[in-house]
Amino acid sequence: MAPTDETGQLAQHASPFGTTPPTGPPAGGAAGPNSRMPRWLPRAMALALALFAVFQLGSWAFHELTGLLINILIAFFLALAIEPAVSWMASRGMRRGLATFFVFFAVLIVSAGFVTLLGSMLAGQIIKIVEDFPNYLDSVINWINAHFNTDLKRVDVQEGLLRSDWLRNYVQNSATGVLDVSAQVLGGLFQLLTITLFSFYFAADGPRLRRALCSVLPPAKQAEVLRAWEIAVNKTGGYIYSRGLMALISGVAHYVLLQSLNVPYAPVLAVWVGLVSQFIPTIGTYLAGALPMLIAFTVDPWYALWVLVFVVIYQQFENYVLQPKLTAKTVDIHPAVAFGSVIAGTALLGAVGALIAIPAVATLQAFLGAYVKRYDVTDDPRVHGHRGRGEGSGLLTRARALWERRPGEQDSTDDSSS
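For every chain, the first residue of its written sequence is number 1, and the numbers climb from 1 along that sequence. Only residues with pLDDT of at least 70 get local features here, since the model is predicted, and only at 80 or more are side-chain atom pairs given and counted; chain-wide, interface and lining totals rely on the full set of residues. Only hydrogens and water are set aside; all other atoms, that is, all heavy atoms of the structure, feed into the side-chain values.

A. Highlighting the packing of helix α9 (residues 266–279) against helix α10 (residues 284–299). Helix axes use the C-alpha atoms of the stretch in contact, all axes being lines fitted to C-alpha atoms, and the angles between their N-to-C directions lie in the range 0 to 180 degrees. Secondary structure follows DSSP: runs of H or I at least 4 residues long count as helices, runs of E at least 2 residues long count as strands, and numbering of each begins at the N terminus. One way to put it is that α9 packs onto α10 with a least axis distance of 7 Å and a crossing angle of 165°. It follows that α9 is roughly antiparallel to α10 by the angle criterion. Where α9 crosses over α10, the handedness of that crossing is right-handed. Every residue of α10 that contacts α9 at Leu269, Trp272, Val273, Val276 and Ser277 is listed here: Gly284, Thr285, Leu287, Ala288, Leu291, Pro292 and Ile295. In this count, Pro and Cys sit with the nonpolar residues alongside Ala, Val, Leu, Ile, Met, Phe, Trp and Tyr, while Asp, Glu, Lys and Arg are called charged and the others, Gly among them, polar. Of the residues contributing to the contact of α9 with α10, the split by class is nine nonpolar, three polar and no charged. Here roughly perpendicular refers to angles of 65 to 115 degrees, roughly parallel to angles under 35, roughly antiparallel to angles over 145, and oblique to all remaining angles. Here a crossing is called left-handed whenever its near helix is offset anticlockwise from the far helix by less than a right angle, and right-handed whenever the offset is clockwise. Contacts are assigned to residue pairs that have any heavy atoms within 4.5 Å of one another.

B. Representation of the pattern of salt bridges within the structure. Salt bridges are counted wherever a side-chain nitrogen of Lys or Arg sits within 4 Å of a carboxyl oxygen of Asp or Glu. Within the structure shown, the criterion is met by one salt bridge. The salt bridge involving Arg96 is made with Glu83; its shortest N-O contact spans 2.5 Å. Placement of Arg96 in helix α3 (residues 96–148) and of Glu83 in helix α2 (residues 66–91) is noted, with a sequence separation of 13 residues between them. For Arg96, a relative accessible area of 16% puts it in the buried group. Among the residues examined, Glu83 registers a relative accessible area of 8% and is labelled buried. Per-residue accessibility, obtained with a 1.4 Å probe over protein chains only, is compared with the maximum for each type, and a residue is labelled buried under 20%, exposed over 50%, and partly exposed between these values.

C. Examining α2 more closely. Take the number of residues in a helix, subtract one, and multiply by 1.5 Å to get its expected span. Across its 26 residues, α2 extends 36 Å between first and last C-alpha, which sits within 8% of the 38 Å expected from 1.5 Å per residue. Taken together, the buried positions of α2 are occupied by Asn71, Ala75, Phe77, Ala79, Leu80, Ala81, Ile82, Glu83, Val86 and Met89.

D. View of unusual backbone geometry. Positive phi is not limited to glycine here, since Asn262 has a value of about 60°. If you check the backbone angles, Tyr265 has positive phi at about 55° while not being a glycine.

E. Seen up close, empty space enclosed by the protein. Using only the protein atoms, space was sampled on a 1 Å grid; points where a 1.4 Å probe fits but cannot get out form cavities, open sets with protein on both sides within 12 Å along at least five of seven lines form pockets, and lining residues are those with an atom within 4 Å of a point. Grid points are joined across faces, edges and corners, and a volume is the space filled by probe spheres set on the points. Taken as a whole and judged by the stated rule, the model has two cavities of 30 Å³ or more. In terms of lining residues, the largest cavity is bounded by Ser250, His254, Val273, Ser277, Thr285, Ala288, Gly289, Val311, Tyr314 and Gln315. Those elements that provide at least two residues to the lining of the largest cavity are α8 (219–260), α9, α10 and α11 (301–326). Here the second largest cavity defines a volume of roughly 40 Å³. What lines the second largest cavity is simply Phe76, Ala79, Leu80, Glu83, Phe202, Leu209, Arg210 and Trp229. Among the elements of the structure, α2 and α7 (206–214) are those that each provide at least two residues to the lining of the second largest cavity. Tallying contributions element by element places α2 first for the lining of the second largest cavity, with four residues. Along the lines of polarity and charge, the residues of the lining of the second largest cavity split into six nonpolar, no polar and two charged.

Pasting the structure below:
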């Protein structure tokens, strides 16, 4: 029998090296007392599953509410844009809600008038194109017959177009797409109504909203939030008003040109150029100039060329003279930063991001500038872009001096040295 100790367990034989060998597993496959599942493991697994479920639910909700969040963001920036006007009217004794209503009513009247004038202009041009289409078709057919020795007739061309499969398929697709267009129009109207209501509430209840936000923050944080809010109002309002002033100047300048060329619908085209070129970043200038050029081309092709030249020249004047003076105190950001912010905003939120990118970046820049410590710059020529006199400049100067030395001076120097 194996030797046992007082407790009845097997005695552990000492190893030759004086160490105690590890005990083997218990006989019969029975689990030891230390091999049980820890008590915290089930709770950790349940917590992990709950966190994963909450993350999935939050991701799904955020994806479904993305449109609403974008509308709220647009409404917030719109409320910041009209905040100076509403505050000015409220400081004169008018109720804040009534002042907000008057501002929105003015914006609605201007927008409705612009859309009505633009729609009437486009409708008139479409009617004119439809009425003159037979004459255009006759001129094209005569040119083809004269240059290619063909015998085309307008009646044959019209019948061929009416009996073509392409026209039939286009009409069918257009008929089936009417419902989709109607749904998109209704969705756009609902989105516009949502933005209008949220922006109205943000502007009318601005003080109450700031008070509610500050009530859950300590006093030190309240001052920071109010400062950021004030900077956002100043930058956004300044951006909108400076762009509006530049749109007015651009519209007047283009109106004078179009009126002098006797281009039809000159007032509407001038308003179109002013608004589109200023409130659509990057490509707004090209979109704004395309429509006046097209209308001027129907009058005289040379007029379209004159409009193109004027648009290019005025754009340079605006970029280098007018815009720096008007936006120096409102939205003072570098053109490269503005261009990069527009690209980033477009990549994140599309056209909405392009519109709010510049005021958002200007607000962030002004807020960070208030807390970044600045130092006096040393009077070093390298700060102004001038290179110091180093080894490279000395070699160049010496080489230039040797090159400019006359042969007679070199000979005289050699004679005197000898």
